[in-house]
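Reading the structure
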Amino acid sequence: MTSLELTGRSRAHIVDLAEPRCAVHRDVVEPLLAMRSAAAEAGFDLLPVSGFRDFARQLAIWNGKCRGERELLDRDGRLLVAASMEQEAIVRAILHWSALPGASRHHWGSEIDVIDGAVWPAGKPAPLASEHYASGGVFAGLNAWLDRHAAEYGFYRPYVTDRGGVQPEPWHLSYAPVSAPAMESMTLEVLADALAGVDIDLAAVIGRRLPEIYQRYVVNVDAPPPELAFSSRGSRLS
Ligand SMILES: [Zn+2]
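Predicted model only: the values in this text are computed from it and were never measured.

1. Quick look at the packing of aromatic side chains
For the structure shown, the criterion picks out 4 aromatic pairs. Centre to centre, the rings of tryptophan 120 and phenylalanine 139 are 6.0 Å apart; their planes meet at 65°, and the pair counts as edge-to-face. Linking tryptophan 120 in the loop between strand E6 (111–116) and helix H5 (130–133) with phenylalanine 139 in the loop between H5 and helix H6 (140–149), this pair joins segments that are 19 residues apart in sequence. Taken as a pair, tryptophan 120 and phenylalanine 139 share a single burial class, namely buried. Seen in terms of ring centroids, phenylalanine 155 and tyrosine 175 are 5.2 Å apart; in terms of plane orientation they differ by 50°. Their pairing is tilted.

2. Some thoughts on the coordination of the zinc ion
Coordination of the zinc ion by the protein involves His106 (NE2), Asp113 (OD) and His172 (ND1), with metal-donor separations of 2.1 to 2.2 Å. Mapped onto the sequence, the residues coordinating the zinc ion show the spacing H-x6-D-x58-H. In this pair, histidine 106 sits in the loop between helix H4 (87–97) and E6 while histidine 172 sits in strand E8 (residues 172–175), placing the two residues 66 residues apart along the sequence. The pair formed by histidine 106 and histidine 172 is uniform in burial state, with each residue classed as buried.

3. A word on the side chain of histidine 107
Mapped onto the elements, histidine 107 comes out in the loop between H4 and E6. Other than its neighbours up to four places away in sequence, histidine 107 contacts Glu5, Leu6, Thr7, Gly8, His13, Phe52, Arg53, Asp54, Phe55, Gln58, Pro101 and Gly102.

4. Digging into the environment of valine 178
Position of valine 178 relative to the elements: it lies in helix H7 (residues 176–185). Dropping the residues within four chain positions of it, valine 178 is found in contact with Met1, His25, Asp27, Val28, Trp108 and Ser110.

5. Concerning the sheet that holds E8
Pairing within the open sheet is antiparallel, and its 4 strands lie in the order E3-E6-E8-E7. Strands with a single pairing partner mark the edges of an open sheet, and in this sheet they are strand E3 (46–50) and strand E7 (155–156). Pairing of E3 with E6, which is carried by 4 bridges, proceeds in the antiparallel orientation. Looking at E6, one finds that leucine 46 is bridged to aspartate 116. Contacts between H6 and the sheet are confined to E3, E6 and E8, with E6 contributing the most and set at about 135° to the helix.

6. Side note on H7
Within H7, 8 of the 10 residues are buried, which leaves it mostly tucked inside the rest of the structure. Each element contacted by the buried residues of H7 is listed here: helix H1 (3–6), strand E2 (21–25), E6, E7, E8 and helix H9 (203–219).

7. Focus on the nonpolar core
Counting 34 residues, the largest nonpolar core has Trp62, Leu100, Met186, Leu191 and Leu195 as the members making the most contacts within it. Taken together, the elements giving at least two residues each to this core come down to helix H3 (55–66), H4, H7, helix H8 (188–195) and H9. If you tally residues by element for this core, the top one is H9, at 7 residues. Discounting residues that sit within four places of it in the chain, leucine 100 has contacts with Gln58, Trp62, Leu95, Leu191, Leu195, Ile200, Ile206, Leu210 and Ile213. Counting 21 residues, the second-largest nonpolar core is a separate cluster that includes Val24, Phe44, Trp145 and Val178.

8. Overview of the pattern of salt bridges
For side chains bearing opposite charge, pairing can occur when the charged atoms are close. Enumeration over the complete set of coordinates arrives at 13 salt bridges. Here arginine 209 makes a salt bridge to glutamate 88, at a shortest N to O gap of 2.7 Å. Of this pair, arginine 209 sits in helix H9 while glutamate 88 is found in helix H4, placing the two residues 121 residues apart along the sequence. For arginine 209, a relative accessible area of 30% gives the class partly exposed. Residue classification places glutamate 88 among the partly exposed positions, given a relative accessible area of 22%.

Cut-off values and rules
- Note on numbering: residues in each chain are counted from 1, in written sequence order.
- At least 70 in pLDDT is required for a residue's local features to be given in this predicted model, at least 80 for side-chain atom pairs to be given and counted, and no such filter applies to totals for whole chains, interfaces and linings, which use all residues.
- The basis for the side-chain values is all heavy atoms of the structure; hydrogens and waters are excluded.
- For Phe, Tyr and Trp, where Trp contributes only its six-membered ring, two rings pair if their centres lie within 6.5 Å, and the inter-plane angle classes them as stacked under 30 degrees, edge-to-face over 60, or tilted in between.
- Numbering of helices and strands runs from the N terminus; a helix is a DSSP stretch of H or I covering at least four residues, while a strand is a stretch of E covering at least two.
- Relative accessibility under 20% of the residue-type maximum defines a buried residue, over 50% an exposed one, and the middle range a partly exposed one, all with a 1.4 Å probe and only protein chains included.
- Listed donors are limited to N, O and S atoms within 2.8 Å of the metal, widened to 3.2 Å for Na, K and Ca; water is not among them, so incomplete-looking sites are possible.
- Any two residues having at least one pair of non-hydrogen atoms within 4.5 Å are treated as being in contact.
- Two strands are counted as paired when DSSP detects at least two bridges linking them.
- In this analysis, axes come from line fits to C-alpha atoms, helices being fitted only over the stretch in contact, and the angle between any two N-to-C directions falls in the range 0 to 180 degrees.
- Residues belong to a common nonpolar core when they are buried Ala, Val, Leu, Ile, Met, Phe, Trp, Tyr or Cys residues joined through side-chain atoms within 4.5 Å.
- Any Lys or Arg side-chain nitrogen located within 4 Å of an Asp or Glu carboxyl oxygen qualifies as a salt bridge.

Structure follows, in structure tokens:
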């Protein structure tokens, strides 16, 4: 993947699917469809509600939260008021829920957020909250199926453990044969280059904290399981 693709400033690596409707990396299409049809046989409608997201979209989310035009939440999901907060606290609050533009794994096209469409009305905004995927939750069945079968199709969850960075996101799946090499290419320098000269809110704080943000929110994720370990060239190690 080129630096432009890694940071969402190109979509040359992306394919738009009509069914299910989503945009993903070209190498993700086949395994996604295979996993989806296996899930369907088990009674689940494995539906991506978010796939590829570009830099401009991530920038709009970022600036919207800084400006109070989008909801800014604390770690417990309570509403915060950006105007009354220290700049560094705003940056921390945003990064708990949303990636810095250029640093979203959704730029890679290897990531999808999924729900079970069989138990959720079409068109109704997807409830991406951990309790829905936990035991007793509306998506608990799909969640258990993914625990057992996602790796068979190359997928795993990079945000399961609370590592003090991004909040746990059981709905977020990553296709390791694409994301593992992408992670290795996604250096601090690549991220800094993507942000250079960009009209982004709180740029001074970002500039000062970038190495720390990179360590805590970009690198600090769960690794693929051993059976999905890939070398930097994308071939299996074992
Ligand atoms: Zn996601």
